[in-house]
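Okay, here's what each chain looks like letter by letter:
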Amino acid sequence: MNSIYTHKEIFLREIISNASDACDKLCYQALTDESVGMSRKDFAIHITVDKDARTLTVSDNGIGMDQADLENNLGIIASSGSYRFKQEVGDDAKDTDVIGQFGVGFYSAFMVADKITVVTKKYGAEIGYTWVSSGADGYTITPCDKESVGTDIIMHIKEDTEDEKYSEFLESWRLQELVRKYSDYIRFPIRMEVSKTRRKEGSPDDKPEYETYTEEETLNSMVPIWQRRKSSVKPEEYNKFYRDKFHDYADPQRVITVSAEGAVTYKALLFIPGATPFDYYTKEYEKGLQLYSNGVLIMDKCADLLPEHFRFVRGVVDSPDLSLNISRELLQHDRQLKVIAANLEKKIKSELEKMCKEDREAYETFWKNFGRQIKYGVVGEYGAHKELLQDLLLFYSSTEKKPVTLAEYVSRMKEDQKYIYYAAGDSLDKIDKLPQTEGLRESGTEILYFTEEVDEFCAQILHTYQDKEFRSVLDQEIAEGDREKAQETQDAHKAAFDFIKETLGDKVKEVRASTRLKSHPVCLTAGEGLSFEMEKYFQAVQPDSPIHADRILELNVEHPAFAALEAAVTADPEKAKKYAALFYDQALLIAGLPLEDPAGYTDLVCELMK
């Protein structure tokens, strides 16, 4: 048993599942045999604890067993009565909730018990039987008197050791916790005597007295909320289920229900959280959906059901068609799981697109919470999911003054506009003040503002959208036709440009006249490939081996500051060198790049102010 199961607490799930199967079998028989005289509402499972005797008992009023059943089901490991029942019933088995199929679940109890006694009486039989085993030296079966039909599994819990505290399985709170965790959706009530506290009648208000009493309580909710029709579930019920199930203080922003039949039958209830979990962007955060089979929890976080780009989704999936391994703890990663995962991915994307179109305010809230994850999805796996995710992207627009989709941007492009223009920077305000954006903004051309590290990587991975290429206003010349004009301007001031390049040396790859600067004297442009924002990113993640973008210094020849430098080239070359250094440092500051010598820069400014 210890080689099959990884968690000892699983035993209670297995024993309760067997009891549920027993109830289901008699319930099924009652459909065709009126003499049974019971309906589904008459069946129940009871848990009883005796701390003094160290016994934990799980009782049911299901089909029961006779001597042959005991020998076949409990005397032979991996012989499953539930599996045989499903085979005999055939197509009608889908109308039952029979869970077991491997015939080993019962033995999981030996992980926590050193002796197990089974007292059972089969429906229609006159006598009952007692099966006893300590798990190692065989078993005994003896006749016994048992008034009611059904089965009692009496587990004598092992004594505590230094490493294992078996007594926890005799604690009421622990048993309640396990039932709600693994067996909450067993379709028969699971009942247990629970200790409670109440105020004594007649006790004074100033000195109230309290007493402890026991009361039988149903521990499980039985019918999963995802099995009910969506029209019959109120929004507040979904919200409460989400908050309780996933321990979130906020209501979900979106509820997604899925009911699929066909190659794989399953139901899913998914939630898009209304707030970002505090640990979401940390290594500690675990993605995954709770996976159930016939209402029994199989896996708490099944990561394979969610793609990385939708890892923020929470919820449950319940399918009777899953191929489970013998312990029912781990899933065989087979075709059925892949089919479910692919369908859920399409459904989530569809719901997000619907939210974006029909409730933009809600989508923008979602985007603030998880937009970065969608961008990571575009970039991840070398852009394998970019086609799927590109229509979900939002970027701030210079003209609309709000986040827009790429489709909305393209729909507003001018007839002669070839590119989707973007500008990257630390914040919207800083981008708005960049000299390189001035010309485009004056012409009314829309610019997308990139403020996150991943944004430019997104643009590079996408490369185009609806056949329109992404083009950075910070790193490229805006119009090819302006190159000739820029060259003519530069030739007219050749001496000054050659002087600046000679002065700055290897600090810059090129010095050239700008066609886009209007009121500003200088800006720094990156060459092809790596941008300044990418340089900052790589500097942060790998400081010991930094990667630098090419630096191209652009100058506005119409600006008085350039005229001052040009005049100094002839009149005072030493001062002209200081002007050149000043221009370069100013360009670094505007680009958000660190100064090579901050103290030297301030000394230079002070010297030129004399």
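Look up a bit, the structure's there.
Quick caveat: nothing in here was measured; it's all calculated off a predicted structure.

(A) Quick look at the overall build of the protein chain. Broken down by element type, the protein chain carries 18 helices and 22 strands. Here the C-alpha atoms of the protein chain give a radius of gyration of 36 Å, more than 25% beyond the 25 Å that 2.2 N^0.38 yields for 610 residues. Counting only C-alpha atoms and orienting by the principal axes, one finds that the protein chain spans roughly 120 × 55 × 55 Å. When contacts within the protein chain are restricted to residue pairs at least 6 apart in sequence, long-range pairs at least 24 apart make up 67% of them. As displayed, the protein chain has an accessible area near 30400 Å², and 47% of this comes from carbon and sulfur atoms. Here the protein chain contributes 78 positively and 110 negatively charged side chains, and the mean placements of these two sets differ by 2 Å.

(B) Quick peek at the nonpolar core. In this structure, F106, I116 and M155 are the most contacted members of the largest nonpolar core, which totals 66 residues. Sorting elements by how many residues they give to this core places helix α1 (residues 10-32) first, with 11 residues. Every residue in contact with I116, bar those within four places of it in the chain, is listed here: F106, A109, F110, W131, V132, S133, I153, I154 and M155. If you look at the next biggest cluster of nonpolar residues, it comprises 65 residues, including A260, C302, A424 and C458.

(C) Looking closely at the sheet that holds strand β21 (residues 522-526). As summarised here, the arrangement of the three strands in space is β20-β22-β21, forming an open sheet in which the pairing is mixed. Either end of the sheet is taken by a strand with one partner, and the two such strands are β20 (510-513) and β21. Each adjacent strand pair in this sheet contributes to an overall mean axis angle of 30°, direction not counted. Here five bridges tie β21 to strand β22 (residues 551-555), and the two strands are oriented antiparallel to one another. Bridging from a neighbouring strand, C523 pairs with E554 of β22. Here helix α17 (residues 573-590) sits on the sheet and contacts β21 and β22; the angle it forms with β21, its principal contact strand, is near 65°.

(D) Structural detail: the sheet that holds strand β14 (residues 395-397). In spatial order, the strands read β15-β14-β17-β16-β19-β18; together these six strands make up an open sheet with mixed pairing. Among the strands making up the open sheet, the edge pair consists of β15 (403-404) and β18 (464-465). As judged from the four bridges shared by strand β16 (residues 419-424) and strand β19 (residues 468-472), these two strands associate in the parallel manner. The partner of I420 across the bridge, within β19, is F470.

(E) Here's a closer look at the pattern of salt bridges. This structure, assessed with the given rule, holds 46 salt bridges. The partner of K507 in a salt bridge is E596, with the nearest N and O atoms 3.8 Å apart. Residue K507 is located in the loop between α14 (494-504) and β20, and its partner E596 is located in the loop between α17 and α18 (598-609); the two are separated by 89 residues in the primary sequence. Taking the relative accessible area as the measure of exposure, E596 reaches 54% and is therefore exposed. Between E510 and R512 there is a salt bridge; the shortest N-O distance is 3.7 Å. E510 sits in the partly exposed class, given a relative accessible area of 30%. Through salt bridges with shared partners, a single ionic network connects E9, E168, R174, E177 and K181.

Procedures and definitions
Residues numbered from 1 in each chain as written. Predicted model: local features only at pLDDT ≥ 70, side-chain atom pairs only at ≥ 80, totals over all residues. Heavy atoms only, no water. Helix = DSSP H or I, 4+ residues; strand = E, 2+ residues; numbered from the N terminus. Rg over C-alpha atoms; globule rule 2.2 N^0.38 Å. Contact = heavy atoms within 4.5 Å. Areas by Shrake-Rupley, 256 points an atom, 1.4 Å probe, with all protein chains shown as cover. Lys, Arg positive; Asp, Glu negative; His and termini not counted. Charge placed at Lys NZ, Arg CZ, Asp CG, Glu CD. Core = buried A, V, L, I, M, F, W, Y, C linked by side-chain atoms within 4.5 Å. Buried < 20%, exposed > 50% of the residue type's maximum accessible area, 1.4 Å probe, protein only. Pairing = 2+ DSSP bridges. Axes fitted to C-alpha atoms, helices over the stretch in contact; angles between N-to-C directions. Salt bridge = Lys/Arg side-chain N within 4 Å of Asp/Glu carboxyl O.

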